[in-house]
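Spelled out, the chains give:
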Amino acid sequence: MKEEVLFKYVLPLVIGFAMGSLKHLNDYLQVKNELPKNDRKMSYLRLFITAAYGGVASLIAVLSIDPSGVDNKVLTAILAGYLGEVFVENTAFQNFNIKDEMDEIVKQKRINNK
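Residues numbered from 1 in each chain as written. Predicted model: local features only at pLDDT ≥ 70, side-chain atom pairs only at ≥ 80, totals over all residues. Heavy atoms only, no water.

Draft legend 1. Fine view of the overall build of the protein chain. Scanning the protein chain from N- to C-terminus turns up four helices and zero strands. Mapped in sequence order, the helices and strands of the protein chain form the string α-α-α-α. The contacts in the protein chain between residues at least 6 apart in sequence include a share of 70% that link residues at least 24 apart. Carbon and sulfur atoms make up 63% of the accessible area of the protein chain, which totals about 8100 Å². (Helix = DSSP H or I, 4+ residues; strand = E, 2+ residues; numbered from the N terminus. Contact = heavy atoms within 4.5 Å. Areas by Shrake-Rupley, 256 points an atom, 1.4 Å probe, with all protein chains shown as cover.)

Given below as structure tokens:
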């Protein structure tokens, strides 16, 4: 019973949390050099939120798909954990045009710091 709970609920949540954290760090390292020095601080709250998106997405994927075997559950959790934040970002960009606003903010900060 304990092994079933571990492999069905805890393992996908932990793997998804780790993949969400890696996704956030990847995005942070790509944008870090474009920002001015005073805006290069990492937001730990955003790191936690992104990791939570990954954890919840992987848990939902594993519970809805219900793959057989531990290796299939791990692969499903990895993919869903990484793609959970991508799905949220794409939905937000389509609905709120956040990407255009963020690009304008970064451009303005570059101009102001020159």
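Draft legend 2. Broad picture of the environment of G84. Within the secondary structure, G84 sits in helix α3 (residues 70–96). For G84, a relative accessible area of 9% corresponds to the buried category. Sequence-wise, G84 and A61 are 23 residues apart; in three dimensions their C-alpha atoms are separated by 9.6 Å. (Buried < 20%, exposed > 50% of the residue type's maximum accessible area, 1.4 Å probe, protein only.)

Draft legend 3. Local environment of helix α2 (residues 44–65). Over its 22 residues, α2 runs 31 Å from end to end, which matches the ideal 32 Å to within 8%, given 1.5 Å per residue. Listing the buried residues of α2 in full gives L47, T50, A51, G54, G55, S58, A61 and V62. Burial along α2 is one-sided: seen end-on, the buried residues are contained in an arc of 140 degrees. Along α2, exposed side chains directed more than 90 degrees from the buried face belong to L45, I60 and S64. Once α2 ends, the next one or two residues include D66, with phi positive near 55 degrees. (Expected span 1.5 Å × (residues − 1). Arc of directions from axis to C-beta.)

Draft legend 4. Expanded view of the packing of helix α1 (residues 2–32) against α2. Viewed as axis vectors pointing N to C, α1 and α2 meet at an angle of 140 degrees, and their least axial separation amounts to 6 Å. Classified by the angle their axes make, α1 and α2 are oblique. Along this stretch, α1 crosses α2, giving a crossing that reads as right-handed. The residue inventory of the contact of α1 with α2, partitioned by class, reads 13 nonpolar, eight polar and two charged. (Axes fitted to C-alpha atoms, helices over the stretch in contact; angles between N-to-C directions. Parallel < 35°, antiparallel > 145°, perpendicular 65-115°, else oblique. Left-handed = near helix turned anticlockwise from the far one by under 90°. Nonpolar A, V, L, I, M, F, W, Y, C, P; charged D, E, K, R; others polar.)

Draft legend 5. Looking closely at α1. With 31 residues, α1 should cover 45 Å at 1.5 Å per step; its first-to-last C-alpha distance of 43 Å lies within 8% of that length. Of all bends in α1, the biggest is about 35 degrees, found at V10, and the proline P12 comes one to four residues later. All of the buried residues along α1 are P12, I15, G16, M19, G20, S21, K23, H24 and Y28. (Bend = angle between axes of the 7 residues up to and from the residue.)

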